[in-house]
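Results of the structural survey
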Amino acid sequence: MPETALALPGGGAAASVPVAVLAAAVLHAVWNGLAHRIQDKLVGFALINLAYTACALVLVALNPLPAAESWPLLLASVTMQVTSQVLLLRAYQLGDFGQMYPIARGSAPLLVALLSVTVLGQGLGGGELLGVLVISCGLIGLAFAKGIPGRAQLPALGAAAGTGVMIAAYTVSDGSGVRHAGTVGGYVAWLFLLQGPVLALIAWMRRGRSLLAGCRGSVVPVGIVGGVLSLTAYGLVVWAQSRGNLATIAALRETSIVIAAVIATVVFRERLGRLRMTASATVLAGIVVLELARP
């Protein structure tokens, strides 16, 4: 695969994969925290999407066009990414960050492991499967640290769970698409360029000129930073997917939930509690198992 503007040095590519994915996990948790912090969630998501659309325009000019055989997967991923953002936006409007984020992310590793084996035919060793399962158990514990949700929370939980399904689906789609694209940078650039304007357009159709009223004070710079972090995080993930096993990458990137738990506690003043601490430790234990099982 040719080098691109987003590619990392090739010498230690295998060793760089977990580092890139863990860095992406931190960035992903931070941009989601920024999105949740903006009081008007629709304005926040619109700004984030516009910001990474602008970045994608630059990347499109700097990178080659993805190969023709990757475009069906790329377009499918665009559809699923937009759907996941709409669902995540709704989840954040209805629920707490500390609960919605882990539910949205927590189901993805198991679903990706299943899809990567059944759809893409990628092998998954016993140790790697154990690591994925341990991480997933920890993530589930984080999601339900406040107890079993009541009926009033079902719409929020449904939106968060639907986000998780979309995340798993586009992870598999991108994992295959980028391997056919011949360019990591070009694939990521077009992925974000095509999906970015959609949510902003939806927001404009719902609010019209009144949408601009929400763009005051620190909202615009926060949205811009969130968009840049979002593109960078997913660029790192797609680069890793072009070189590593999808199931293990999906599990590693979900460590963003541990970071999100810290953000929820420190920034949003949500109580951490013993169960969340135990669940976080379980996630970290799963990472160790996963890394030790790597060939």
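Residues numbered from 1 in each chain as written. Predicted model: local features only at pLDDT ≥ 70, side-chain atom pairs only at ≥ 80, totals over all residues. Heavy atoms only, no water.

A short note on the nonpolar core
Here is the rule: Throughout this description, the term nonpolar core refers to a set of buried Ala, Val, Leu, Ile, Met, Phe, Trp, Tyr and Cys residues connected via side-chain atoms within 4.5 Å. Only protein chains enter the calculation, and the probe is 1.4 Å; a residue is then buried if its accessible area is under 20% of its type maximum, exposed if over 50%, and partly exposed in between. A helix here means a DSSP run of H or I that spans at least four residues, while a strand means a run of E at least two residues long, and both kinds are numbered starting from the N terminus. Throughout, a contact is declared for two residues whenever any of their heavy atoms are within 4.5 Å.
Counting 81 residues, the largest nonpolar core has Met 100 and Phe 192 as the members making the most contacts within it. With 10 residues, the top contributor of residues to this core is helix α9 (residues 219-241). Filtering out sequence-adjacent residues up to four positions away, Met 100 remains in contact with Ala 91, Tyr 92, Gly 95, Ala 156, Leu 157 and Ala 160. Core analysis: the second largest hydrophobic core is formed by five residues, Val 112, Val 172, Leu 246 and Ala 250 among them.

As for the environment of Met 100
Along the chain, Met 100 turns up in helix α4 (residues 97-106). On the basis of relative accessibility, which here comes to 1%, the residue Met 100 falls in the buried class. Sequence-wise, Met 100 and Leu 88 are 12 residues apart; in three dimensions their C-alpha atoms are separated by 8.2 Å.

Overview of the confidence of the model for the protein chain
To keep things clear, this is the line we draw: One confidence number per residue, pLDDT, is output by the predictor and ranges from 0 to 100.
For the protein chain, the mean per-residue pLDDT works out to 83, and 93% of the residues sit at or above 70. Per-element mean pLDDT across the protein chain ranges from 73 in helix α5 (residues 108-118) up to 94 in helix α3 (residues 71-94).

Considerations on the packing of α9 against helix α10 (residues 246-253)
For clarity, the threshold we go by: Interaxial angles span 0 to 180 degrees and are taken between N-to-C directions of axes, which are lines fitted to C-alpha atoms, for helices over the stretch in contact. Angular relationships are summarised with four words: roughly parallel below 35 degrees, roughly antiparallel beyond 145, roughly perpendicular across 65 to 115, and oblique for the angles in between. Two helices that cross are described as forming a left-handed crossing if the nearer one is turned anticlockwise from the farther one by less than a right angle, and a right-handed crossing if clockwise. Only Asp, Glu, Lys and Arg are considered charged, only Ala, Val, Leu, Ile, Met, Phe, Trp, Tyr, Cys and Pro nonpolar, and every remaining residue, Gly among them, polar.
Look at α9 against α10: their axes get within 10 Å of each other, and the N-to-C directions meet at 155°. Accordingly, the angle class assigned to the pair α9 and α10 is roughly antiparallel. Our pair here, α9 against α10, has a crossing hand that is right-handed. On α10, the residues touching Tyr 234, Val 237, Ala 240 and Gln 241 of α9 are Leu 246, Ile 249 and Arg 253. Class assignment for the residues of the contact of α9 with α10 results in five nonpolar, one polar and one charged.

So, the packing of aromatic side chains
Geometry of an aromatic ring pair is reported as the spacing of the ring centres plus the angle between the planes. Stated precisely, the cut-off is as follows: Note on ring pairs: Phe, Tyr and Trp rings are taken, using the six-membered ring of Trp, and paired if centres are within 6.5 Å. Classes follow the plane angle, with under 30 degrees stacked, over 60 edge-to-face and the rest tilted.
Using the criterion set out here, one finds nine aromatic pairs in the structure. Taken together, a centroid distance of 6.4 Å and an interplanar angle of 75° make the contact between Trp 31 and Phe 45 edge-to-face. In this pair, Trp 31 sits in helix α1 (residues 13-37) while Phe 45 sits in helix α2 (residues 41-62), placing the two residues 14 residues apart along the sequence. Across the pair, exposure class does not vary: Trp 31 and Phe 45 are buried alike. Each member of the aromatic cluster is reached from another via a ring pair, and the members are Trp 31, Phe 45, Tyr 92, Phe 97, Tyr 101 and Phe 268.

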